[in-house]
Amino acid sequence: MANAQDQLPTPGTSNTIVPEKVREGVDLEINGKSYRHTGDDQMPLLWYLRDVLRLTGTKYSGEHGEGGYDLVLVDGKLASATQLPVAKLAGKQVTTVEGLAAADGKLHPLQQAFIDENAIGCGYCTPGWLMASLDLLNRHPQPGDSDIDQLPNLCRCGCQTRVRSAIKRAAKGARA
């Protein structure tokens, strides 16, 4: 057992702890959780999500976001995570595909509709389709084929017909 005398600070040393200043950074909210990015503020949101936060649902969609694989919602509006530097997200709310399900794990109705309609294919494009579809349903609760055709997403597996059915199924559920 150590002596109480051994645990006292040695004379001349300070026993005051001075916390470090909070690092400057960009404060943002992702899927309901607060984060502060203290690195390069020009880092594209996609790489912050994937490499820093390990939220890998959002996919690389080319240098210019073509294909729609990198889509997220920023303050409820569709945005390309590839094209958006973290600096532009100060005080904003970002929703990724990981943020669609409820806290208890219950799937969002759109996610369930994609499962019910087998609209997943290889899965690479699915997160982007889900985010674009949610944005569409928020703007047009009962979208028609022409509305769905305007979505920026590409699917190389040929799931477009099943995606269309999934979006319409989710829209019907929203009415009930």
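See the structure shown above.
From a predicted model like this one, the values you see are computed outputs, not experimental measurements. (Residues numbered from 1 in each chain as written. Predicted model: local features only at pLDDT ≥ 70, side-chain atom pairs only at ≥ 80, totals over all residues. Heavy atoms only, no water.)

**Topic: the sheet that holds strand β4 (residues 77-80)**
So, point 1. Spatially, the five strands line up as an open sheet ordered β2-β1-β5-β3-β4, and their pairing is mixed. For this open sheet the edge positions go to β2 (33-37) and β4, each flanked by a neighbour on one side alone. Each neighbouring strand pair of the sheet contributes to a mean axis angle of 40°, computed without reference to strand direction.
So, point 2. Contacts between helix α3 (residues 126-139) and the sheet are confined to β3 (71-74), β4 and β5 (93-95), with β3 contributing the most and set at about 40° to the helix. (Pairing = 2+ DSSP bridges. Helix = DSSP H or I, 4+ residues; strand = E, 2+ residues; numbered from the N terminus. Axes fitted to C-alpha atoms, helices over the stretch in contact; angles between N-to-C directions. Contact = heavy atoms within 4.5 Å.)

**Brief notes about the packing of helix α2 (residues 109-116) against α3**
So, point 1. Relative to each other, α2 and α3 sit at 125°, their axes nearing to 10 Å. Considering their axes alone, α2 and α3 lie oblique with respect to each other. Relative to α3, the crossing made by α2 is right-handed. Touching Leu110, Gln111 and Phe114 of α2 are Thr126, Trp129, Leu130, Ser133, Leu134 and Leu137, all from α3.
So, point 2. A breakdown of the residues in the contact of α2 with α3 according to their chemical character gives six nonpolar, three polar and no charged. (Parallel < 35°, antiparallel > 145°, perpendicular 65-115°, else oblique. Left-handed = near helix turned anticlockwise from the far one by under 90°. Nonpolar A, V, L, I, M, F, W, Y, C, P; charged D, E, K, R; others polar.)

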